[in-house]
Amino acid sequence: MKRIFISILAGILIAGCTEGTGEDATPAVSGEITISGLDDGKWTYFSFEKGETVGTSTFASDEEDALWAGRMDWDFAICGDYLKTNGGESGIGLGGLQQDTEHNFSTLTVAPESGYKEDEVQIIR
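Residues numbered from 1 in each chain as written. Predicted model: local features only at pLDDT ≥ 70, side-chain atom pairs only at ≥ 80, totals over all residues. Heavy atoms only, no water.

We now examine the overall build of the protein. Scanning the protein from N- to C-terminus turns up one helix and eight strands. By residue count, 31% of the 125 residues in the protein fall in the buried class. Relative to all contacts within the protein whose residues are 6 or more apart in sequence, the contacts with residues 24 or more apart total 49%. Taken as a whole, the protein presents about 7,900 Å² of accessible surface, with 48% of it coming from carbon and sulfur. (Helix = DSSP H or I, 4+ residues; strand = E, 2+ residues; numbered from the N terminus. Buried < 20%, exposed > 50% of the residue type's maximum accessible area, 1.4 Å probe, protein only. Contact = heavy atoms within 4.5 Å. Areas by Shrake-Rupley, 256 points an atom, 1.4 Å probe, with all protein chains shown as cover.)

On to the packing of aromatic side chains, then. Considering all chains together, one arrives at seven aromatic pairs under this definition. Here the aromatic rings of Phe46 and Phe48 are separated by 5.7 Å at their centres, their planes lie at 80°, and the arrangement is edge-to-face. We note that Phe46, like Phe48, is buried. Considering the side-chain rings of Phe46 and Phe76, the 5.3 Å spacing of their centres and the 35° angle between planes classify their relative orientation as tilted. Placement of Phe46 in strand β4 (residues 42–47) and of Phe76 in strand β6 (residues 76–79) is noted, with a sequence separation of 30 residues between them. Among the aromatic side chains, those forming a connected cluster through ring pairs are Trp43, Phe59 and Tyr82. Over the ring of Trp68 we find Arg71, and its NZ or CZ is 3.8 Å from the ring centre. (Phe/Tyr/Trp six-rings, centres within 6.5 Å; stacked < 30°, edge-to-face > 60°. Lys NZ or Arg CZ within 6 Å of the ring centre and 35° of its normal.)

The next thing to look at is the pattern of salt bridges. Scanning all chains against the criterion turns up two salt bridges. In this structure, Asp73 and Arg71 form a salt bridge, with 2.5 Å as the shortest nitrogen-oxygen distance. Taking the relative accessible area as the measure of exposure, Asp73 reaches 24% and is therefore partly exposed. For Arg71, a relative accessible area of 32% corresponds to the partly exposed category. (Salt bridge = Lys/Arg side-chain N within 4 Å of Asp/Glu carboxyl O.)

One non-glycine residue with positive phi stands out, namely Ala60, at about 70°. Relative to the helices and strands, Ala60 is located in the loop between β5 (52–58) and α1 (62–69).

Attention now moves to the pairing of β6. Neither face of β6 is open: one carries Phe76 and Ile78, the other Ala77 and Cys79, and all of them are buried. As paired elements, β4 and β6 share three bridges and run antiparallel to each other. Within β6, the residue paired with Tyr45 across the bridge is Ala77. Both β6 and strand β7 (residues 82–85) contribute to a ladder of four bridges, which runs antiparallel. Bridging across to β7, Cys79 finds its partner in Tyr82. (Pairing = 2+ DSSP bridges.)

These figures capture arrangement, not role.
Take a look at the structure:
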């Protein structure tokens, strides 16, 4: 069984799919999260709003991918070395990723307002 540790100030590198602003857009997660039960054969979906895993699906299942793509209750998913966000090609949300080469998790205190990339079907190295 795999585990992943993600140190985040909610929204720093992954912008959630919440459309609102202000208090209603504040995720339940800040700091470090642990996601247990990761598996190379399944996607594990995580919600910042709930602060927990919200489900799984079989890797490379077009049917299951289509069902998750139509949902708004997840922000990102992990499967082995792959990551997808609820936005772009993987979902109807507004999720995106951004690489920040100027800060680390200790020095970044405010998430950038723009510059996030939407999810695409490709391998990024």
